[in-house]
2 protein chains.
Amino acid sequence: MSYTTIIEELRDDAVIRDNAAIASRLAEETAPDVVEVLNTCDIGQTAQLLELMPVERAVEVLDQPAFDHAAELLSILPGHTAARLLAGMSADRAADALREIDPGVRAELLTGLDGETRAALERLLAYPEGCVGAMMTTEFVSVPSNWTVAEVLRHVRAVENTRETVYAVFVVDPLRQTLVHAVPLRRVISADPRASILSAVPKRRLIKTSALAPREEAVRLIAKYDLLAVPVVDSRNHLIGIVTVDDVIDTMVKRDTEQVHRMGGMEALDEHYMDIGFLRMIRKRAGWLSVLFLSEMLTASAMQSFEGELEKAIVLTLFIPLIMSSGGNSGSQASSLLIRALALHEVRLGDWWKVALRELPAGLTLGSILGVIGMVRIVTWQMLGFYDYGPHWQLVALTIGATLVGIVTFGSMTGSMLPFVLKRLGFDPATASAPFVATLVDVTGLVIYFSIALVILHGTLL
Amino acid sequence: MSYTTIIEELRDDAVIRDNAAIASRLAEETAPDVVEVLNTCDIGQTAQLLELMPVERAVEVLDQPAFDHAAELLSILPGHTAARLLAGMSADRAADALREIDPGVRAELLTGLDGETRAALERLLAYPEGCVGAMMTTEFVSVPSNWTVAEVLRHVRAVENTRETVYAVFVVDPLRQTLVHAVPLRRVISADPRASILSAVPKRRLIKTSALAPREEAVRLIAKYDLLAVPVVDSRNHLIGIVTVDDVIDTMVKRDTEQVHRMGGMEALDEHYMDIGFLRMIRKRAGWLSVLFLSEMLTASAMQSFEGELEKAIVLTLFIPLIMSSGGNSGSQASSLLIRALALHEVRLGDWWKVALRELPAGLTLGSILGVIGMVRIVTWQMLGFYDYGPHWQLVALTIGATLVGIVTFGSMTGSMLPFVLKRLGFDPATASAPFVATLVDVTGLVIYFSIALVILHGTLL
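Quick caveat, the model's predicted, so the values are computed rather than measured.

Draft legend 1. Structural context of the overall build of chain A. For chain A, the helix and strand inventory stands at 21 helices and 6 strands. By the compact-globule yardstick of 23 Å for 462 residues, chain A is too spread out, its C-alpha radius of gyration being 30 Å. Its C-alpha atoms give chain A principal-axis dimensions of roughly 95 × 60 × 40 Å. Counting across all 462 residues of chain A, residues that qualify as buried make up 56%. For chain A, the proportion of contacts with a sequence separation of at least 24, taken over those separated by at least 6, is 65%. Seen as two clouds, the 40 positive and the 54 negative side-chain charges of chain A have centres 10 Å apart.

Here it is in structure tokens:
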């Protein structure tokens, strides 16, 4: 049953405040559906509802990346309950939750765990956020390379319920403990049971990544090679974890949200739109909005320096919004194209000049199209008597046309090059948002406009 | 070895034109790496290289969704070669490629296939693009519910190499052929071999989807429930296909590109930036750019109607770019927030009024912040003698401050409501791009500006 239906049913229900009734109703649902309901409850009710569930069920709920309250819950629950839940959770999710908890409370929670679990979690916590190590799990299946297929299958059956995935079996060197290869379970079950596990190793080369690689790398490898899990090794090629395909999907969704928010000219929200506190949301939006506003103030300065021209030719002011928006729009098209092409590795950093060689004619062409439309509009309005652009209206039309060519070309070039510059400087190219590009183009656009006007209208209007 | 290295090595190589040498070099690489190299070759060389590979290898290459030339290759290869490759390909990829081929050539290719393969492909081709049916594959593992675990395992081993995934086993009613449940392979291998397969069925409810549901639904289910495959049923609950997690990842990547392009104010490119023809790219960009330009022409009309005020108070024109961009930026923030919240089901269509109730105070707060910055700037410049805003500079400052509050509030409201309106009308909310919102806000922004100026400056400047 869908989230909406459960929520609405519970709302209609007179026993909405009766946690026992809610808990028994939720018992029939899948963990992801329970999470959607719990996310709408406050932390107190969530804690009470979780306590009414069997422990395995509570662990299942905490294991869902979509569950919003995991960190908070673990810090307010009694120590032994929290420890029991943490020990049951998958290692990567437990580490994610611990990462959000105050260092003091976190240390206390860790001391409540058995030595092995604590050591595994502490290793995961040591990796900085954003790297593969911080998204991997230590619950994988590895077997020595001198085992037979039958031995491997017996081992898989024995550990099945404590591993995040068993569909990839990792073969390690029995002496040096280094990673030798990965065997998909489908090949294990169809191999001859008496043969060595090495007989089931696929011919293609092993795909692996390092714990310190950026999380993007795990996403790229799983997406490109259609893997269910990618092994993570340390500098000595010891297998230390795996990243599974469901973690990659979660990362992709999160990353795309960040990208869209950045493209909207703001800090990534990192929380649900309806859940984030009002002041936190304002802070995330006001920062960039103010930076853009302060930069855009340069347009006022530019206008001030052209005050003389403005007074002489009021008609020029009429087209300022039109011209500026065209520069911004063409820039925003070009930047969104290149943000995506860079993200998908369709173009590399060194390709900037090839892109520039495409955007220059593209900008000139698009600018000419808009320039012609703009001139047609002025001529039509003048001819049909809708508006009088003065005695030099032909020259005004020419000014607008020429400016549009210049500004759209400039916008396309700026919009396409900015993602490269940002990437080169180590920033996310998605920061080359429409607002950012527009601000850059606006000031220069005004200068282009008035310079062209000075040339064309010199001796007549100016 | 990475794509870059192979490509560079081949470039350095004197035998670059020797296809046999390239083919033998590529033989060591994984299929996704071979695809990256072939994508940079022209269609003729690609065809020659593929013919130099063993058939299974060529099929593997054609099976990669990233391979750009699949459709074109199948139409230019000799009929029997194409038929052999098509028969070897996974059904969903074969259908994808056929979908891009001229109907005439497609019909001819289909007649070259054996009856069963042709029927399966024709069924897949019947589904309209964008629905689950068009992304599913027919190569799944299904077993009758009266089989034992051992029988199921034997069957899985037998069909393993002809199925896209064997990690989900679908149990159907032996009489009515309806879908009963899905069993993860990990549960099958750890179950008692003599027990009924039904003993391995997990307790949670079965997640399934319909062939006519939008592809988004398959993406949502796999992401939410961490599935490796979701079963697809027809109206009578017959299992007709599955969607696998790797198809979902490919769909997510494609969909995010479309979203970013739309947010950039253009039609989705649907091709690699470096590969698309110049004229095709111009067409994708010029359409929206012209529409936005034509709408933005309303700003010229708005300015014309305030010509009298402009002449009396040139000082007002200085702030037009600043004010308009602030409206656009706040609108773009709000629209990007809501585009993403709607895509992630964090808010539903019916929640529009809750969002409006958040954006109204948010807009007022953000507008006040910018308003204060704006007024401080005017007062500072006036006091320090950087610029003289005239005898009524206090009133000018007040006008700018009040306008910013009004325009940022209006921008936030427009930007947040537009995705709802677009979704309600059946369009992609991502079309509520920064350029689109800015254009809407610009015209109204000018009217707000001059109206506030008329009230505050009446009797002094105006």
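Draft legend 2. Expanded view of the pairing of strand β3 (residues 179–184) of chain B. Residue and element names in this part refer to chain B. Counting buried positions along β3 gives 5 out of 6 residues, so the element sits mostly inside the fold. By the bridge criterion, 5 bridges tie strand β2 (residues 168–172) to β3 in an arrangement that is antiparallel. Bridging from a neighbouring strand, Phe-170 pairs with Ala-182 of β3. Here β2 hands over to β3 after 6 residues, with Gln-177 in that stretch at a positive phi of 65°.

Draft legend 3. Up close: the pairing of strand β1 (residues 141–144) of chain B. All names here are of chain B. Across 4 bridges, β1 lies against β2 in parallel orientation. Across the sheet, the residue bridging to Ser-142 is Phe-170, located in β2. Taking the sense of rotation as the criterion, the β-α-β connection linking β1, helix α11 (residues 149–159) and β2 turns out right-handed.

Draft legend 4. Focus on the environment of Gly-287 of chain A. Residue placement: Gly-287 of chain A occurs in helix α15 (residues 278–305). Distance in space between the C-alpha atoms of Gly-287 of chain A and Val-443 of chain A is 21 Å, their sequence separation being 156 residues.

Draft legend 5. A look at the packing of helix α18 (residues 320–343) of chain A against helix α21 (residues 434–457) of chain A. All names here are of chain A. For the pair α18 and α21, the least separation of the axes is 8 Å and the interaxial angle reads 135°. Overall, the two elements α18 and α21 adopt an arrangement that is oblique. For the pair α18 and α21, the crossing hand works out as right-handed. Contact with α18, carried on its side by Ile-320, Ile-323, Met-324, Gly-327, Gly-328, Gly-331, Ser-332 and Ser-335, involves Ala-434, Val-437, Ala-438, Val-441, Asp-442, Leu-446, Tyr-449 and Phe-450 of α21 and no other residues of that element. In terms of residue class, the contact of α18 with α21 is made up of 10 nonpolar, 5 polar and 1 charged.

Draft legend 6. Structural detail: the environment of Met-263 of chain A. Mapped onto the secondary structure, Met-263 of chain A falls in helix α14 (residues 245–263). The class of Met-263 of chain A is buried, set by a relative accessible area of 5%. On a C-alpha basis, the gap between Met-263 of chain A and Val-132 of chain A in space is 25 Å, while along the polypeptide they are 131 residues apart. Setting aside its immediate chain neighbours within four residues, Met-263 of chain A contacts Ser-336, Ile-339, Ala-430, Ser-433, Ala-434 and Pro-435 of chain A together with Val-260, Met-263 and Ser-332 of chain B.

Draft legend 7. Inspection of the interface of chain B and chain A at higher detail. Each partner contributes residues to the interface: chain B has 122 residues there, and chain A has 122 residues. On the chain B side of the interface with chain A, the three residues burying the most area are Arg-186, Tyr-273 and Arg-358 of chain B, jointly 8% of the side's total. Summed over the shared surface of chain B and chain A, the number is 12 salt bridges. In this structure, the connection of chain B to chain A is made through 50 residue pairs in polar contact (both at pLDDT 80 or more). It is helix α15 (residues 278–305) of chain B that contributes the most residues to the side of chain B that touches chain A, 18 residues altogether. For the side of chain B that touches chain A, the class distribution of residues is 65 nonpolar, 28 polar and 29 charged.

Draft legend 8. Representation of the domain arrangement of chain A. Each domain of chain A was delimited in the assignment, giving domain 1 (3–128), domain 2 (141–245) and domain 3 (278–457). If you average the C-alpha positions of domain 1 of chain A and of domain 3 of chain A, the two centres end up 50 Å apart.

Draft legend 9. The arrangement of the sheet that holds strand β5 (residues 229–233) of chain B in detail. All names here are of chain B. Pairing in this open sheet of 3 strands is mixed, and the strands run β4-β5-β6 from one edge to the other. Looking at the sheet topology across the chains shown, the edges are occupied by β4 (209–210) and β6 (239–244). Judged from the 2 bridges that link them, β4 and β5 form a sheet pairing that is parallel. Its bridge partner lying in β5, Thr-209 is registered against Val-232. Against the sheet, helix α13 (residues 215–225) contacts β4, β5 and β6, and its axis sits at roughly 140° relative to β5.

Draft legend 10. Spatial organisation of the relation of the copies chain B and chain A. Mapping chain B onto chain A is achieved by rotating through 180° and translating by 0.1 Å along the same axis, at an RMSD of 0.2 Å. Such a turn and shift between the copies fits a two-fold axis. When you check the interface residues of chain B against chain A, 100% turn up at the interface there too, and the contact is symmetric in its surfaces.

Draft legend 11. Highlighting the pattern of salt bridges. Tallied over the entire structure, the rule returns 40 salt bridges over all chains. Between Lys-224 of chain A and Asp-33 of chain B there is a salt bridge, and its shortest N-O distance comes to 2.7 Å. Of the two residues, Lys-224 of chain A is situated in helix α13 (residues 215–225) and Asp-33 of chain B in helix α3 (residues 31–38); the pairing between them involves two chains. The two residues Lys-224 of chain A and Asp-33 of chain B agree in class, both being buried. Notably, a salt bridge pairs Asp-351 of chain A with Lys-354 of chain A, separated by 3.2 Å at the nearest N-O pair. Residue classification places Asp-351 of chain A among the buried residues on the basis of a relative accessible area of 9%. In this structure, a network of salt bridges that share partners links the residues Arg-25, Glu-29, Asp-33 and Glu-36 of chain A together with Arg-205 and Lys-224 of chain B.

Draft legend 12. Geometry of the nonpolar core. Ranked by size, the top nonpolar core spans 162 residues in total, and within it Leu-185 of chain A together with Leu-185 of chain B carry the most contacts. Take this core: its biggest share by element is 6 residues, from α13 of chain A. If sequence neighbours within four positions are ignored, Leu-185 of chain B has contacts with Tyr-167, Leu-185 and Ile-189 of chain A together with Val-156, Val-166, Tyr-167 and Val-169 of chain B. Of all hydrophobic cores here, the second largest spans 108 residues; its members include Met-324, Leu-342 and Tyr-449 of chain A together with Ile-276 of chain B.

Draft legend 13. Spatial organisation of the UniProt feature "transmembrane region" (unreviewed entry) in chain A. This chain's UniProt record puts "transmembrane region" (unreviewed entry) on residues 360–384, 396–422 and 434–457 of chain A. In residues 434–457 of chain A, helix accounts for 100% and strand for 0%; the two terminal C-alpha atoms are 32 Å from one another.

Draft legend 14. Local environment of the environment of Arg-187 of chain A. Residue and element names in this part refer to chain A. Mapped onto the elements, Arg-187 comes out in helix α12 (residues 185–189). On the accessibility criterion, Arg-187 (34% relative accessible area) is partly exposed. Between the alpha carbons of Arg-187 and Tyr-167 there is a distance of 9.7 Å; along the sequence they are 20 residues apart. Reaching out from Arg-187, the side chain makes a polar contact with the backbone oxygen of Ala-200 at a distance of 2.8 Å.

Draft legend 15. A look at the side chain of Asp-442 of chain A. Positionally, Asp-442 of chain A belongs in helix α21. One buried charged side chain, Asp-442 of chain A, makes no salt bridge at all; its nearest oppositely charged neighbour is Arg-377 of chain B, positioned 14 Å away.

Draft legend 16. Representation of the sheet that holds strand β3 (residues 179–184) of chain A within the structure. All names here are of chain A. Ordered in space as β1-β2-β3, the 3 strands form an open sheet in which the pairing is mixed. Two strands close off the open sheet at either side, each with one partner strand: β1 (141–144) and β3. Adjacent strand axes in the sheet meet at a mean angle of 30° when their direction is disregarded. Relative to the sheet, helix α11 (residues 149–159) contacts β1 and β2 (168–172), its axis offset from that of β1 by approximately 150°.

Draft legend 17. Molecular detail of the packing of α18 of chain A against α15 of chain B. Following both chains from N to C, one finds α18 of chain A and α15 of chain B inclined at 155°, their axes separated by 9 Å at the closest point. One way to sum up the angle between α18 of chain A and α15 of chain B is to call them roughly antiparallel. Crossing geometry of α18 of chain A relative to α15 of chain B is assigned as right-handed. Only Met-281, Arg-285, Trp-288, Leu-289, Leu-292, Phe-293, Glu-296, Met-297, Thr-299 and Met-303 of chain B of α15 of chain B make contact with α18 of chain A, whose side of the interface consists of Pro-321, Leu-322, Ser-325, Ser-326, Asn-329, Ser-330, Gln-333, Ala-334 and Leu-337 of chain A. Partitioned by chemical class, the residues of the contact of α18 of chain A with α15 of chain B number 11 nonpolar, 6 polar and 2 charged.

Conventions used here
- Residues numbered from 1 in each chain as written.
- Chains lettered and ligands numbered in written order.
- Predicted model: local features only at pLDDT ≥ 70, side-chain atom pairs only at ≥ 80, totals over all residues.
- Heavy atoms only, no water.
- Helix = DSSP H or I, 4+ residues; strand = E, 2+ residues; numbered from the N terminus.
- Rg over C-alpha atoms; globule rule 2.2 N^0.38 Å.
- Buried < 20%, exposed > 50% of the residue type's maximum accessible area, 1.4 Å probe, protein only.
- Contact = heavy atoms within 4.5 Å.
- Lys, Arg positive; Asp, Glu negative; His and termini not counted.
- Charge placed at Lys NZ, Arg CZ, Asp CG, Glu CD.
- Pairing = 2+ DSSP bridges.
- Right-handed = clockwise from strand over helix to strand, strands pointing away.
- Axes fitted to C-alpha atoms, helices over the stretch in contact; angles between N-to-C directions.
- Parallel < 35°, antiparallel > 145°, perpendicular 65-115°, else oblique.
- Left-handed = near helix turned anticlockwise from the far one by under 90°.
- Nonpolar A, V, L, I, M, F, W, Y, C, P; charged D, E, K, R; others polar.
- Buried area = accessible area lost by both parts, 1.4 Å probe.
- Salt bridge = Lys/Arg side-chain N within 4 Å of Asp/Glu carboxyl O.
- Polar contact = N/O pair within 3.5 Å; in protein donor to acceptor, adjacent residues only side chain to side chain.
- Domains from an automatic or database assignment.
- Least-squares fit on C-alpha atoms with pLDDT ≥ 70 in both.
- Core = buried A, V, L, I, M, F, W, Y, C linked by side-chain atoms within 4.5 Å.
- UniProt positions renumbered as here; feature names shortened; annotations may be inferred.

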